[in-house]
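Inside the fold
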Amino acid sequence: MTNGSVPDGEAGDGPASSTRRNQRVTISDLARRLHISKASVSYALNGRAGVSEETRQRVLNLAEELGFHPNSAAVALSASRTRTIGIVIARDPALISTEAFYMRTLVGIEQYLNEVDSSLLLRLTGEHGEDLDVLRRWSRQGRVDGFILFDEHDDDPRIPLLKEAGVPCVVVSSNAPDDSVGRLISSPEETVTLLLDHLVELGHRDIAHISGPFTFIHEQLRVQILQEQAALRGIAVRHVEGSYRYDDGAELTRQLLADPNPPTAIVLGNDLMAVAALRVAMDLGTAVPGEVSIVAWDDSPLCELARPGITAVDQKTMERGRAAADLLLRIVTGDGELHEEAPAGELRPRASSGPAA
């Protein structure tokens, strides 16, 4: 039985009622049952003007009947100014449209905000400081209650800008400095351990790592932790800086495989570069995984549909998007801690990784 489909005559304390109360009920469920908008349900639950007293009582009665309890995000939204959060991404739109990380993260954020009757204001800008202008303008105009920030880099100017403007933010980050800023923290050590243990088990001792730009703090930490953990396992790792782009992944893979002593495994910084690496290996007649194993830091449908399928770490990007939105909405009203751990990733072994030659 799904939420919102319980016949009116089944209310009570029996097994059906118990089962119903154990199910997760949302504002959308209440709105659908009562044939009113989600906004009206939100107004009624939060005691705000905009609905009649009769409608308010109907909402409250049904909420009680179904065991509905607003989560922390909904509570935060009731006290916010705009019921909108902002995301400004300073990356090439062509890359955003092909890289699964952003698409899946944004889907998770949108799904979550829809459940708590809020909105997302999204802007893609150039990579030369245009994002700062948007952040400054939206903050000054009061268009959003807070921002989610991605791709933190050294001396990131966005953070002091928003702190000075007094606008809350959550940085989807790999580190946790004590800077009074909200952070959804995803340590690279977890993914490094998953990938290295998998490759060590297969006998690999010479690995190459094609990363994203070193300007990003999360890439700096990936390289540092990968080097440290590889040394503990007796593995040699060579690092090459990439850009997350398909063409870059292809060219750097070609250079690695042309080396007199090519690596037995290559770790790619995202799914797009991993697909490029697989294509180049096949074009060069290099057997995958017979001569080189290919693994990706981020999983996506691209990795699953490739032939052979590409081993990757499922970073739970949709779940992380939801977690970032929830954390920001709680920070808006000062409810809860500033830092939260991101959901754990999970290795997805596929045919692209095998025993070292």
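Reading the values: rules and limits
Residues numbered from 1 in each chain as written. Predicted model: local features only at pLDDT ≥ 70, side-chain atom pairs only at ≥ 80, totals over all residues. Heavy atoms only, no water. Pairing = 2+ DSSP bridges. Helix = DSSP H or I, 4+ residues; strand = E, 2+ residues; numbered from the N terminus. Axes fitted to C-alpha atoms, helices over the stretch in contact; angles between N-to-C directions. Phe/Tyr/Trp six-rings, centres within 6.5 Å; stacked < 30°, edge-to-face > 60°. Buried < 20%, exposed > 50% of the residue type's maximum accessible area, 1.4 Å probe, protein only. Salt bridge = Lys/Arg side-chain N within 4 Å of Asp/Glu carboxyl O.

Turning our attention to the sheet that holds strand β11 (residues 339-341). Strand order in the open sheet made by the six strands is β2-β1-β3-β4-β5-β11, with parallel pairing throughout. Whereas interior strands pair on both sides, the edge strands pair on one side only; in this sheet they are β2 (119-124) and β11. Ignoring strand direction, the axes of neighbouring strands in this sheet form an average angle of 20 degrees. Where strand β4 (residues 169-173) meets strand β5 (residues 182-185), four bridges bridge the pair, whose relative direction is parallel. The residue of β5 that forms the bridge with Ser 173 is Ile 185.

Moving on: the sheet that holds strand β6 (residues 206-211). Pairing is mixed in the open sheet, where six strands are placed in the order β7-β6-β8-β9-β10-β12. Edge positions in the open sheet fall to β7 (236-241) and β12 (346-348), since each of these has one partner strand only. The sheet shows a mean angle of 20 degrees between the axes of neighbouring strands, direction not considered. Relative to β12, strand β10 (residues 311-314) is paired through three bridges, and the arrangement is antiparallel. Among the inter-strand pairings, Val 313 is bridged to a residue of β12, identified as Leu 347.

Our next topic: the packing of aromatic side chains. Taken as a whole and judged by the stated rule, the model has five aromatic pairs. Relative to Phe 150, the ring of Phe 101 lies with its centre 6.1 Å away and its plane at 90 degrees, an arrangement referred to as edge-to-face. You can see Phe 101 sitting in helix α7 (residues 100-115) and its partner Phe 150 sitting in the loop between β3 (146-149) and α9 (158-165), a full 49 residues away along the chain. The partly exposed category is assigned to Phe 101, whose relative accessible area is 27%. Aromatic side chains Tyr 102 and Phe 150 sit 5.5 Å apart centroid to centroid with 80 degrees between the ring planes, which places their arrangement in the edge-to-face category. Here Phe 150 lies in the loop between β3 and α9 and Tyr 102 lies in helix α7, a separation of 48 residues in the sequence. Taken as a pair, Tyr 102 and Phe 150 share a single burial class, namely buried. One aromatic cluster is present, formed by Phe 101, Tyr 102 and Phe 150 through successive ring pairs.

In this section: the pattern of salt bridges. Considering all chains together, one arrives at 22 salt bridges under this definition. As a salt-bridge pair, Asp 29 and Arg 32 come within 2.6 Å of each other at their nearest N and O atoms. Of the two residues, Asp 29 and Arg 32 both sit in helix α2 (residues 27-34), three residues apart, roughly one turn of that helix. In this structure, Arg 136 and Asp 133 form a salt bridge, with 3.3 Å as the shortest nitrogen-oxygen distance. Taken together, the residues Arg 136 and Asp 133, both in helix α8 (residues 130-141) and three residues apart, mark about one turn of the helix. Under the relative-accessibility criterion, Arg 136 is labelled partly exposed at 39%. For Asp 133, a relative accessible area of 43% translates into the label partly exposed. Each member of the salt-bridge network shares a partner with another, and the members are Asp 314, Lys 316, Glu 346 and Arg 348.

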